[in-house]
Amino acid sequence: MSIKVDIISGFLGAGKTTLLSKLLKESLTGEKVVIIENEFGEIGIDGHVLREQKIEVLEINSGCICCSLVGDFIRGIDEIVTAYKPERIIIEPTGLARLTDVIKACQKAAGKNDLTLNALITVVDVVHHQAYIEDFGEFYHDQIAHAKTILLSKTQEVDDPVIDSVVASVSEINRYANLITADWAVLTGDEILAIAELSPELDGAVPKAFHDHSHCDDHEAAGQKIIDIWGAETERSFSAAEIKANLNVLPHNDIFGTILRGKGLIRAGQDGWLQFDYVRGFYRIKEAGTHQKSRLCFIGYNVNKKALNELFGTIC
Ligand SMILES: Nc1nc2c(ncn2[C@@H]2O[C@H](COP(=O)(O)OP(=O)(O)OP(=O)(O)O)[C@@H](O)[C@H]2O)c(=O)[nH]1
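If you're wondering where the values come from, they're calculated on a predicted model, not measured in any experiment.

What counts, and where the lines are drawn
Residues numbered from 1 in each chain as written. Predicted model: local features only at pLDDT ≥ 70, side-chain atom pairs only at ≥ 80, totals over all residues. Heavy atoms only, no water. Near = heavy atom within 4 Å. Polar contact = N/O pair within 3.5 Å; in protein donor to acceptor, adjacent residues only side chain to side chain. Areas by Shrake-Rupley, 256 points an atom, 1.4 Å probe, with all protein chains shown as cover. 1 Å grid on protein atoms, 1.4 Å probe; cavity = no way out; pocket = protein on both sides within 12 Å on 5 of 7 lines; lining within 4 Å. Sits in = over half its atoms within 2 Å of the grid points. Helix = DSSP H or I, 4+ residues; strand = E, 2+ residues; numbered from the N terminus. Axes fitted to C-alpha atoms, helices over the stretch in contact; angles between N-to-C directions. Parallel < 35°, antiparallel > 145°, perpendicular 65-115°, else oblique. Contact = heavy atoms within 4.5 Å. Nonpolar A, V, L, I, M, F, W, Y, C, P; charged D, E, K, R; others polar. Pairing = 2+ DSSP bridges.

## Structural notes on the site of the ligand
Now for step 1: The environment of the ligand is formed by 18 residues, the closest being Lys16, Thr17, Thr18, Arg261 and Lys263.
Now for step 2: Taking Glu92, its side chain carries an N or O atom lying 3.1 Å from an oxygen atom of the ligand.
Now for step 3: Summarising the interface, the protein chains cover 92% of the accessible area of the ligand, which totals 650 Å² for the free molecule.
Now for step 4: Its atoms largely coinciding with the cavity grid, the ligand occupies the largest pocket.
Now for step 5: Going through the elements one at a time, α1 (16-26) and β9 (258-267) are the ones with two or more residues in the shell around the ligand.

## Describing the packing of α1 against helix α8 (residues 189-196)
The angle between the axes and the distance between the axes are what describe a pair of packed helices.
Now for step 1: The interhelical angle for the contact between α1 and α8, taken along N-to-C directions, is 110°, at an axis separation of 8 Å. When the interaxial angle is binned, α1 and α8 end up roughly perpendicular. On α8, the residues touching Leu19, Lys22, Leu23 and Glu26 of α1 are Gly189, Asp190, Ile192 and Leu193.
Now for step 2: Per-class residue counts for the contact of α1 with α8 are four nonpolar, one polar and three charged.

## What about the environment of Glu31?
Now for step 1: Tracing the backbone shows Glu31 in the loop between α1 and β2 (33-37).
Now for step 2: As a C-alpha pair, Glu31 and Arg88 span 57 residues in sequence and 7.5 Å in three-dimensional space.
Now for step 3: Apart from residues no more than four positions distant in its own chain, Glu31 is found in contact with Glu87 and Arg88.
Now for step 4: Polar contacts involving the side chain of Glu31 include one to the side chain of Arg88, which spans 2.8 Å.

## Notes on the sheet that holds strand β8 (residues 227-234)
Now for step 1: Across the sheet, which stays open at both edges, the five strands sit in the order β8-β12-β9-β10-β11 with antiparallel pairing between neighbours. Edge positions in the open sheet fall to β8 and β11 (282-288), since each of these has one partner strand only. When strand polarity is set aside, the average angle formed by the axes of neighbouring strands in this sheet is 10°.
Now for step 2: The pairing of β9 with strand β12 (residues 294-301) spans seven bridges and is antiparallel. In the sheet register, Arg261 faces β12, and the bridge partner there is Ile299.
Now for step 3: Strands in contact with helix α10 (residues 240-249) are β9, β10 (273-279), β11 and β12; relative to β11, the strand with the most contacts, it is inclined by about 160°.
Now for step 4: Where helix α11 (residues 305-312) meets the sheet, its contacts fall on β8, β9 and β12, and the angle it forms with β8 comes to roughly 30°.

Below is the structure:
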């Protein structure tokens, strides 16, 4: 039987991993699923988080599966198919990948394996949509334009007129996609998946002619912003208060650069382990399972790695 391949796309911090966890918990419990996680920095965090749900996760980090790591991606698919014979493979590309390029990489992988491109979901963060349109036009536009389903995230954080303006903007870019605007809390994983597996007119989803793009410098040049990544693994423990204090200074101090996204799995001494997620000044800290080392990663432009290193007292 053909293996379903789903892609969950969306910009940095949009909510891809959150959606994936929801689908795994609420909808895919009876299926043999393997996840492919592609993070841009060397310090992978999402793979560790997803494994807490006892799911097979192949991590392909330090680059993009649609360009510099396309060979690793195709080999990874081959290995997954041979070793696990899954019913479904779900791919979470980096927030900086063009959806068209990920689709193209999947089509290459389908040459050897019986794969069917199934759900193509793009998560759109309503809080930061306008900023991403302005700062990362081409990449961001591609993720929206080629989705079969667009799922708005963080709708509970904004007023209705903001949602309306995001809906208008997204519909202008892609009028074919299923558009889910409801708060995720009121939708079940089954409902989301049922919509995502509907196939709207695919003109917008599968590009007729793929343009070539040579390597990840393209990502870096997106919207004339140079993207930097800093990550560290450390034996250090941090209290929740220390993490909060550090995250609080990031948006208010130019010395760190413009931090778009940060995440970490942190040893918190006697308090166990904490996970933080930071998206352009907004953050959440929650309890996490046990890991071996604290690991943290920040992405943004003009990232001052030395200053972050000093802030977190890490050595890398
Ligand atoms: N309020 C709210 N927060 C959300 C929602 N979806 C995601 N988040 C939060 O946004 C942050 C980032 O979510 P992730 O799921 O890690 O985002 P991602 O797209 O996987 O991020 P990258 O790994 O950077 O690509 C986390 O703190 C989530 O809890 C939502 O619908 N509402």
